[in-house]
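# Secondary and tertiary structure notes
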There are 2 protein chains.
Amino acid sequence: MSTYTIKELSKLFDVQSSTLRYYEDIGLLTNVGRTDTNQRIYTDEHIARLNAISCFKNTGLPISKMQDFFKYEANLENNIDEIIDLVTEHEKNIKEQIKKMQDELAHIEHKVRFYNGIKEAIDKNAPWPYWDDYNI
Amino acid sequence: MSTYTIKELSKLFDVQSSTLRYYEDIGLLTNVGRTDTNQRIYTDEHIARLNAISCFKNTGLPISKMQDFFKYEANLENNIDEIIDLVTEHEKNIKEQIKKMQDELAHIEHKVRFYNGIKEAIDKNAPWPYWDDYNI
DNA sequence: TCTTGCCTTAAAGTATACTTGAAGTATTAT
DNA sequence: ATAATACTTCAAGTATACTTTAAGGCAAGA
């Protein structure tokens, strides 16, 4: 089983060392070992944790929910319903977010086409496309 | 051309009145009219603005970029390249966000299946599924 | 007319998620 | 050995995006 220094994890996950200390302070990272000179040692357990944190973060799960999640996970038998609720609700949220982003992407793509149309008109000294077409 | 009170816009866009005042303070809403007793009056121009703000917000564009966008839009002839850059980069960001969310959704769906498997095992008093399967 | 409730400004406060600073100890390269 | 860099704790600071408070003016129903 491998071990890692704070700097190694920092590079692996592209987070600052201070963020790793912060995650430990607030209970997202637990059971962090120490060298005889008090420096943190992480293990593959922490790699797995940080993969989960990264996934949760990328999908907009707030830290408070992550704290709940890892607390539930530490005592899964007694919190299985709570953890299922948490991940199921988060799954639903992600699907809604994706749908919303896809809808809004269409609007942004429209804006990109619209302003490129304006630029062409400016370059050719031609009249601008109608603004009526803009606010769809 | 219709006009709207702050309360009407607040309800239409599901934002607090204070947020509409804040958006005006920081330049996201401009040319807001007043009644003879100093109360704000909005027009369809502001409806269009708030649709754009809402779209940008839903797709994670920071307010500082929105400020740039509306400043460019107010003087489009001289800022057409800047506004095209802004919306094109934002389009790219949204696409990346959607892709990332779709990838991470697969992980969350895996967690949902995994914890439901645990729950079934608990309910049946059966042994738990292997943790090896968990960290994919 | 009174009361309730919405409007106004300006400044201060809040929530979330870190980040930085200070002071001190430890490690690494020359 | 010495200098530069990295580690430690703990508290305070920062960034973003609002939200609330205070103190007062305006408005609509009983």
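Before any of the text, the structure's been laid out above.
Here the residue numbering is sequential within each chain, running from 1 through the sequence in written order. As a convention, the first chain written is A and the first ligand written is 1, with the rest following in written order. The predicted origin of the model limits local features to residues at a pLDDT of at least 70 and limits the giving and counting of side-chain atom pairs to 80 or more, whereas totals for whole chains, interfaces and linings rest on all residues. Hydrogens and water molecules were not included; the side-chain quantities draw on all heavy atoms of the structure.

## Details of the pairing of strand S3 (residues 40–43) of chain B
Residues and elements named next belong to chain B. Stated precisely, the cut-off is as follows: When DSSP finds two or more bridges between two strands, those strands count as paired. Note on conventions: DSSP H or I runs of at least 4 residues are helices, E runs of at least 2 residues are strands, and numbering of each starts at the N terminus.
Bridge analysis of strand S1 (residues 3–4) against S3 gives two bridges, and the strand direction is antiparallel. Bridging from a neighbouring strand, Tyr4 pairs with Tyr42 of S3. Pairing geometry for strand S2 (residues 33–34) and S3, over two bridges, is antiparallel. Counterpart to Arg34 in the pairing with S3 is Arg40. Taking the residues between adjacent antiparallel strands as the criterion, S2 and S3 are bridged by five residues, where Asn38 takes a positive phi near 75 degrees.

## A few points about the interface of chain A and chain B
Put simply, the rule reads: It only takes one pair of heavy atoms within 4.5 Å for two residues to be counted as in contact. What counts as buried area is the accessible surface, traced by a 1.4 Å probe, that two parts surrender upon association, with contributions from both included. Criterion for a salt bridge: a side-chain nitrogen of Lys or Arg within 4 Å of a carboxyl oxygen of Asp or Glu. Here a polar contact is taken to be a pair of N or O atoms separated by no more than 3.5 Å, where protein atoms must pair a possible hydrogen donor with a possible acceptor and residues adjacent in sequence count only if both atoms sit in side chains.
With 42 residues of chain A in contact, the opposing surface of chain B contributes 42 residues. Carbon and sulfur atoms make up 77% of the surface buried where chain A meets chain B, a total of about 3700 Å² over both sides. Considering only the side of chain A, the residues that lose the most area to chain B are Met101, Ile108 and Tyr115 of chain A, jointly responsible for 18% of the buried surface there. Linking chain A with chain B are four salt bridges. Lys95 of chain A is paired through a salt bridge with Glu109 of chain B; the nearest N and O atoms lie 3.8 Å apart. For the interface between chain A and chain B, the tally reads six residue pairs in polar contact (both at pLDDT 80 or more).

## Topic: the packing of helix H1 (residues 6–13) of chain B against helix H2 (residues 17–25) of chain B
Residue and element names in this part refer to chain B. Stated precisely, the cut-off is as follows: Interaxial angle, 0 to 180 degrees, is taken between N-to-C directions of lines fitted to C-alpha atoms, where a helix line uses only the stretch in contact. The cut-offs work like this: below 35 degrees is roughly parallel, past 145 is roughly antiparallel, 65 to 115 is roughly perpendicular, and the gaps in between are oblique. Under this grouping Gly is polar, as are all residues other than the nonpolar Ala, Val, Leu, Ile, Met, Phe, Trp, Tyr, Cys and Pro and the charged Asp, Glu, Lys and Arg.
Running from N to C, H1 and H2 cross one another at 100 degrees; their axes reach a closest spacing of 8 Å. With respect to H2, the axis of H1 lies roughly perpendicular. For the pair H1 and H2, the contacting residues are Ile6, Leu9 and Ser10 in the first and Ser17, Leu20 and Arg21 in the second. Residues that form the contact of H1 with H2 fall into these classes: three nonpolar, two polar and one charged.

## Description of the sheet that holds strand S3 (residues 40–43) of chain A
All names here are of chain A. As summarised here, the arrangement of the three strands in space is S1-S3-S2, forming an open sheet in which the pairing is antiparallel. Each edge of the sheet is formed by a strand with only one pairing partner; in this case those strands are strand S1 (3–4) and strand S2 (33–34). Helix-sheet contacts for helix H3 (residues 44–58) involve S1 and S3, and the interaxial angle to S3 is about 75 degrees.

## Remarks on the protein's contact with DNA strand C
Counted only if it meets this: Think of it this way: one heavy atom of a residue within 4 Å of a molecule or strand is enough to make that residue near it.
Close to DNA strand C lie 17 residues, the nearest being Thr19, Thr37 and Lys57 of chain A together with Arg34 and Arg40 of chain B. In DNA strand C, the atoms that sit within 4 Å of the protein are 85% sugar and phosphate, with bases accounting for the remainder. Between DNA strand C and Thr37 of chain A there is a distance of 2.7 Å, counted from a phosphate oxygen to a side-chain nitrogen or oxygen. At 3.0 Å, a side-chain N or O of Arg21 of chain B approaches a phosphate oxygen of DNA strand C. Taken together, the elements giving at least two residues each to the surface near DNA strand C come down to helix H2 (17–25) of chain A together with H1 of chain B. If you tally residues by element for the surface near DNA strand C, the top one is H2 of chain A, at four residues. Partitioned by chemical class, the residues of the surface near DNA strand C number five nonpolar, seven polar and five charged.

Any link to function would need more than the numbers given here.
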